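Remarks on the overall topology
Now for the letters of each chain:
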Amino acid sequence: MFWKHIITLATTVFITQTFARRIHRDPPEEFLTCLAARNNSGVEIIQPTSPSWSQAIEPYNLRLHYVPLVLIVPETARQVAAAVDCARRHKIKVQSRSGGHSYGAMGLGGKNGSLVIDLKKFNSIAVDGETVTVGPGVRLGNLAIALFENGKRAMPHGICPGVGVGGHALHGGFGLTSRMWGTTLDNILEMEVVLADGSIVLASEKKNADLFWALRGAGSSYGIVTSFKFQTYPAPEVSTMYQIAYSAQNLTIATRTEIIMAMQKYGATLAAPEMSVRIFFADGYHVVSGVYWGDREGYVKAIAPLLELLPKTNRQVIMDGVEKDWLTTLDELDAGVGLKQPLDGYDSHETFFTKSLVTPADDLLQNATVKNLFTFLDAAGRRPPAGWWIIFDLYGGVGSKITSVSANATAYAHRNALFTLQLYTGPPNFGPVYPAEGFAFANGISESITKFQNETRFNAYANYVDPTLTKEEAWDLYYGGGERLEKLNRIKDSVDPERVFWNPQAIRA
């Protein structure tokens, strides 16, 4: 809404300027001298005294205001390497920012005082037959358009068009085509990477294989990727969208539980890889929606078992298998805000706190667990301290390309999984200030599942990063701990022994 945008924009400017004035410390003179000496081609260096400083350090999540030491905007890998080398020499932590959409503002360092390397000028897209080479600053909507306009190609990625490729790809990249094509991460063929010593290397299955393994799942801990080469696919000629709504105000806990359990049974044993399913619910309604990546005839066959399993009570079919073209489908999945994104001046913000859960495929959610979730929401959520919504995304199940990948093929840990859950909380009525009580409420939603079914191993999705986790909790939930974490530590020690690439949850932080 227009009024909401105006309030958010005014709040963003005020809060960001206030924090920028109060918290910054001046960069060491010798560090600036190093940057200037290595900056033969005029890379933009933004300091706390620069006119553009406040705008440059605006976070996506307005709840988190970290103030970098310096922010630079390079255009080439060599410029990135020079800046990284200066930071290493002067013991300054480094973090790159691709699209700036980190839920935990990790692209601003996740703390005050880092060198932030803004990759927004790395926005080239070069389609070459069945592959595409992409800069990390490319936003997903622009990527989708370019792929389709150059050979009607496509690839898996999230549905928010403003998200940058870099962080999205390095930590997963789940989207509604992922059951058919895998995650964004699974389709990386090669990367150009700046390492902590200032060197520039290629990483692939055949070159720097250990680094390639670690980057695909924990990339921000190991280097700055300045170019990705991805596998692409023919875009579906037609997609079929559907939407089934329930009025939650008139639904019993038993019926709401039945909706989740129906999706779980369908997803685990019946859903075709071409079928995406998500359940969105808040205080007032449930919506079961998704896309069948094919024509309506195929959709009718694919969805029939789900319709049979879903409860009939208060069920209303809003969209009964409507065929759309590829780009229209992608646009409508994000409420029609528009796929095309600005190359500069991107200005989207929210105030929120989010938890995530990844549920295992071999230890399914129990009926009593789902009932406990809705019992908690009925008790606390009817008069909640924060606005909230929850998304259950079908992730794995029969035929899912994500879970067909070997558990040890990449650092990305979530192969034995059925659902990803995003548990979102924000200020009531879109207000500017996140309520202090919201954290306990969000944790309570998560714990109504995890503590009730406490013998199950639940994980978390790094692209829905929770900055309240300790580093040890993050390592366990994002990477699964154990041998995977040991391997990640060994590779970190090898390529970044001085811990140049750092955020509070980075490997070896």
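Residues numbered from 1 in each chain as written. Predicted model: local features only at pLDDT ≥ 70, side-chain atom pairs only at ≥ 80, totals over all residues. Heavy atoms only, no water.

**Quick word on helix 2 (residues 29–38)**
Just so we agree on the cut-off: For the exposure calls, accessible area comes from a 1.4 Å probe over protein chains only, and a residue counts as buried if that area is under 20% of its type's maximum, exposed if over 50%, partly exposed in between. Labels follow the DSSP assignment, with helices taken as runs of H or I lasting at least four residues and strands as runs of E lasting at least two, numbered in each case from the N terminus. Arc definition: directions from the helix axis to the C-beta atoms.
Within the sequence span of helix 2, burial applies to Phe 31, Leu 32, Cys 34 and Leu 35. Down the axis of helix 2, the buried side of the element spans an arc of 155°, and every buried residue falls inside it. Projecting away from the buried face of helix 2 at angles above 90 degrees are the exposed residues Glu 29 and Ala 37.

**With respect to the pairing of strand 14 (residues 285–292)**
So the rule is basically this: Two strands are said to pair when DSSP picks up at least two bridges between them.
Among the eight residues that make up strand 14, seven are buried, leaving the element largely enclosed by the rest of the structure. Strand direction decides the pairing type here: strand 12 (residues 239–247) and strand 14, joined by eight bridges, are antiparallel. Residue pairing in the sheet places Ser 247 in a bridge with Tyr 285 of strand 14. Here strand 13 (residues 278–282) runs beside strand 14; their pairing, made up of five bridges, is antiparallel. The residue bridging Ala 282 from the neighbouring strand is Tyr 285, located in strand 14.

**Re empty space enclosed by the protein**
Worth spelling out the cut-off: Think of a 1 Å grid over just the protein atoms. A cavity is a set of points where a 1.4 Å probe fits yet cannot get out, a pocket is an open set with protein on both sides within 12 Å along at least five of seven lines, and lining residues have an atom within 4 Å of a point. Grid points are joined across faces, edges and corners, and a volume is the space filled by probe spheres set on the points. Three classes are used, and their members are as follows: Ala, Val, Leu, Ile, Met, Phe, Trp, Tyr, Cys and Pro are nonpolar, Asp, Glu, Lys and Arg are charged, and the others, Gly among them, are polar.
Counted by the stated rule, this structure contains six cavities of 30 Å³ or more. The computed volume of the largest cavity comes to approximately 100 Å³. Lining the largest cavity, in full, are Leu 35, Arg 38, Asn 39, Val 43, Ile 45, Ile 72, Pro 74, Gln 79, Ala 82 and Ala 83. Of all elements in the fold, only helix 2 and helix 4 (77–89) reach the threshold of two or more residues within the lining of the largest cavity. When residues in the lining of the largest cavity are grouped by element, the largest group, three residues, is from helix 4. Here the lining of the largest cavity is composed, by residue class, of seven nonpolar, two polar and one charged. By volume, the second largest cavity amounts to about 70 Å³. In this structure, the second largest cavity is lined by 12 residues; those nearest its centre are Arg 256, Ala 282, Asp 283, Asp 378 and Trp 388. Every element with two or more residues in the lining of the second largest cavity is listed here: strand 13 and helix 12 (367–381).

**Examining the nonpolar core**
Keep this limit in mind: Residues belong to a common nonpolar core when they are buried Ala, Val, Leu, Ile, Met, Phe, Trp, Tyr or Cys residues joined through side-chain atoms within 4.5 Å. Contacts were defined at the residue level, with two residues in contact if any of their heavy atoms lie within 4.5 Å.
In this structure, Val 165, Met 191, Leu 215, Tyr 222, Phe 228, Phe 230 and Leu 488 are the most contacted members of the largest nonpolar core, which totals 58 residues. Apart from the residues within four sequence positions on either side, Phe 228 is in contact with Val 132, Thr 133, Val 134, Pro 136, Val 165, Gly 166, Ala 169, Leu 170, Ile 188, Glu 190 and Met 191. Core analysis: the second largest hydrophobic core is formed by 40 residues, Leu 251, Val 288, Leu 373 and Ile 390 among them.

**Things to note about the packing of aromatic side chains**
Going by this rule: Pairing of aromatic rings covers Phe, Tyr and the six-membered ring of Trp, with a centre-to-centre limit of 6.5 Å; geometry is then stacked below 30 degrees between planes, edge-to-face above 60, and tilted otherwise. Comment: the charge-over-ring label is applied if NZ (Lys) or CZ (Arg) is within 6 Å of the ring centre and within 35 degrees of the ring normal.
Going through the model one piece at a time under the given rule, you end up with 23 aromatic pairs. The interplanar angle of 25° and the centroid separation of 6.1 Å between the aromatic rings of Phe 376 and Phe 441 together place this pair among those described as stacked. Here Phe 376, found in helix 12, pairs with Phe 441, found in helix 14 (residues 438–450); they are 65 residues apart in sequence, far enough to count as distant. Residue classification places Phe 441 among the buried positions, given a relative accessible area of 4%. One aromatic cluster is present, built from ring pairs that chain together Tyr 60, Tyr 103, Phe 280, Tyr 285, Phe 352, Trp 389, Tyr 424, Tyr 461 and Tyr 464. The residue whose ring lies beneath Arg 63 is Tyr 434, and the NZ or CZ to ring-centre distance is 5.8 Å. The ring centre of Tyr 346 lies 3.9 Å from the NZ or CZ of Arg 139, which sits over that ring.

**A look at the layout of surface pockets**
Estimated volume of the second largest pocket: approximately 640 Å³. Every residue lining the second largest pocket is counted, 35 residues in all, and those nearest its centre are Arg 97, Asp 118, Lys 120, Arg 139 and Tyr 346. Counting residues per element, the ones that place at least two in the lining of the second largest pocket are strand 1 (44–46), helix 3 (53–56) and strand 2 (70–73). Across the lining of the second largest pocket, the residue classes tally to 13 nonpolar, 14 polar and eight charged.

**A few points about the sheet that holds strand 6 (residues 131–134)**
For clarity, the cut-off: A fitted line through C-alpha atoms serves as each axis, taken over the contacting stretch for helices, and the angle formed by two N-to-C directions is quoted from 0 to 180°.
Taken in spatial order, the five strands line up as 5-6-10-8-9 in an open sheet, and their pairing is antiparallel. The sheet is open, and its two borders are formed by strand 5 (125–128) and strand 9 (200–204), each paired with just one other strand. Strand-to-strand twist of the sheet, defined as the mean angle between neighbouring strand axes without regard to direction, takes the value 15°. Two strands pair when backbone bridges link them, and strand 8 (residues 188–194) and strand 9 are joined in this way by five bridges, in the antiparallel orientation. The residue of strand 9 that forms the bridge with Val 194 is Ile 200. Contacts from helix 4 reach strand 8, strand 9 and strand 10 (224–231) within the one sheet, and its direction differs from that of strand 8 by about 50°. On the sheet, helix 8 (residues 209–218) packs against strand 8, strand 9 and strand 10 and is oriented at approximately 100° with respect to strand 8.

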